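The residues making up each chain are set out below.
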Amino acid sequence: MYKGKNYFLVLLMVFAVGSVLAQNPIIKDKFTADPAPLVYNDTLFLYTSHDTASVEATNYQMPDWLVYSTTDMLNWTNHGVCLSPKTFSWATGDAYASQCVFRNGKFYWFVSTFHKKNENSKGGAAIGVAVSDRPTGPYTDAIGKALIVNEMTTDKKHGWDDIDPTVFVDDDGKAYVFWGNGSCKWARLKENMIELEDSIHTFNPKNFIEGPWVYKRNNLYYLIYASEGTKPEMIEYCTAESPEGPWTYQGIITGNAPNSFTIHPGIIDYKDKTYFFYHNGSLPTGGSYRRSICVDYMYYNPDGTIKKVEQTTAGVKPIGN
Ligand code: CA
C-alpha cells in the first residue's frame, strides 16, 4: 500500500515535469497551421490558419483565421476568430495562409483565400488585405476587391498558385509582397499597402513549393519557404543583398514535420531570441488536415547563414524563468 502510494507520487511528478517540458505543439485548444508571428509593443501576436477537418477527411477544411498572443512564450491568450473569408464580399472557400504587418498606425492582414466567379476573376486562389486599428481587429476589407487574382500570374496553370502571402517593409519604406505555390512571385506594394506599385515578377528558388517568409537581418534579406524535400515538405532558404534578388540558395533549415504533409515557416525576433514557428500533425487525432503550431529556437552562424533548426517536443523556455 505504502509502496503503491509512492509509485503514484513518482508517476505524478514525472507527468507534471513532462507537461512543463513538452511545450510543443504550443496551441492545443484548436488545430492551427501556417503561423505568422508579429511583435507589436511588448507582445508577440500569432496569426494562424484554423483546421476543422474531421479525422477521416482527405482535404482541408479551413473556415477562418485565428489570433493568439503571448508575452512570455509560455502562456498563450486565445483571441478567437479575428477574420474569415466572409469579411471579403468577393471571397469564397477556405482560409489559407496569411501574414499581418503593422504600418502607418494600422494592421494590414494579407490573406490567401479563393475568389468567386465574377467580372474580376474566373475563380481560383486570390490574395486579399484586411485592415484594422488593433492587432486583434475588428478587421474590414481594405480594398473592396482582391489584391491579386489567379489571372494576374500565368506561369503556373493550376488555379491555386496565388497563395501564401508574406509582406515585408524595408528600412527605406519600400514594401514587398511575396507569395506563390509552384513558383515564387513578388511585387512592390505602394505605401498605402493596398495597391501594387508595378508589375509582378516570378522566379523559382531551388525546391520551392509554397509558404514564403521574407525578412531582413543585418542588411541581408532572407527568403524562407516550404520546399519539395522528400515529400512531405521541408523548409529551405535563400539570401540576397536586395529584396529584389538575385537570391542565393543556402540549404535546408529543417526537415519534415511529424505526421504532416506540409510545414510552414514563421520567423521572428522577440526579447533577444529568434523563434522559428512551424506546424506539424502531432496532437492526438492530428494529421495533415488537423495541424498544430509549434515553436523552436533558431540560431544564425556569424556569416548570417541559419543553423539547422531542431524540431523538439520540449519547445522553448518561458521568458523570465
Ligand atoms: Ca495564377
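It should be noted that the structure appears before, not after, this text.
So, a few notes on the structure that sits alongside this text. (Residues numbered from 1 in each chain as written. Predicted model: local features only at pLDDT ≥ 70, side-chain atom pairs only at ≥ 80, totals over all residues. Heavy atoms only, no water.)

1. Structural notes on the sheet that holds strand β16 (residues 234–240)
And then number 1: The strand order across the open sheet formed by four strands is β14-β15-β16-β17, and the pairing between neighbours is antiparallel. What marks the edges here is a single partner per strand, and that holds for β14 (208–217) and β17 (248–254). Taking each pair of neighbouring strands and ignoring which way they run, the sheet shows an average axis angle of 25 degrees.
And then number 2: Two elements, strand β15 (residues 220–227) and β16, share seven bridges in a ladder whose sense is antiparallel. Opposite Tyr 225, over in β16, you have Glu 236 as the bridge partner. (Pairing = 2+ DSSP bridges. Helix = DSSP H or I, 4+ residues; strand = E, 2+ residues; numbered from the N terminus. Axes fitted to C-alpha atoms, helices over the stretch in contact; angles between N-to-C directions.)

2. Some thoughts on the coordination of the calcium ion
And then number 1: Donor atoms from the polypeptide that bind the calcium ion are Asn 150 (O), Asn 150 (OD1), Thr 153 (O), Thr 153 (OG1), Asp 161 (OD), Asp 161 (OD) and Asp 162 (OD), placed at 2.4 to 2.9 Å.
And then number 2: Each donor residue of the calcium ion lies on one chain, and together they are spaced N-x2-T-x7-D-D. The two residues Thr 153 and Asp 162 agree in class, both being buried. (Donors = N, O, S within 2.8 Å, 3.2 Å for Na, K, Ca; no water. Buried < 20%, exposed > 50% of the residue type's maximum accessible area, 1.4 Å probe, protein only.)

3. Remarks on the environment of Asn 204
And then number 1: Checked against the element boundaries, Asn 204 lands in the loop between β13 (201–203) and β14.
And then number 2: Apart from residues no more than four positions distant in its own chain, Asn 204 is found in contact with Gly 182 and Ser 183. (Contact = heavy atoms within 4.5 Å.)

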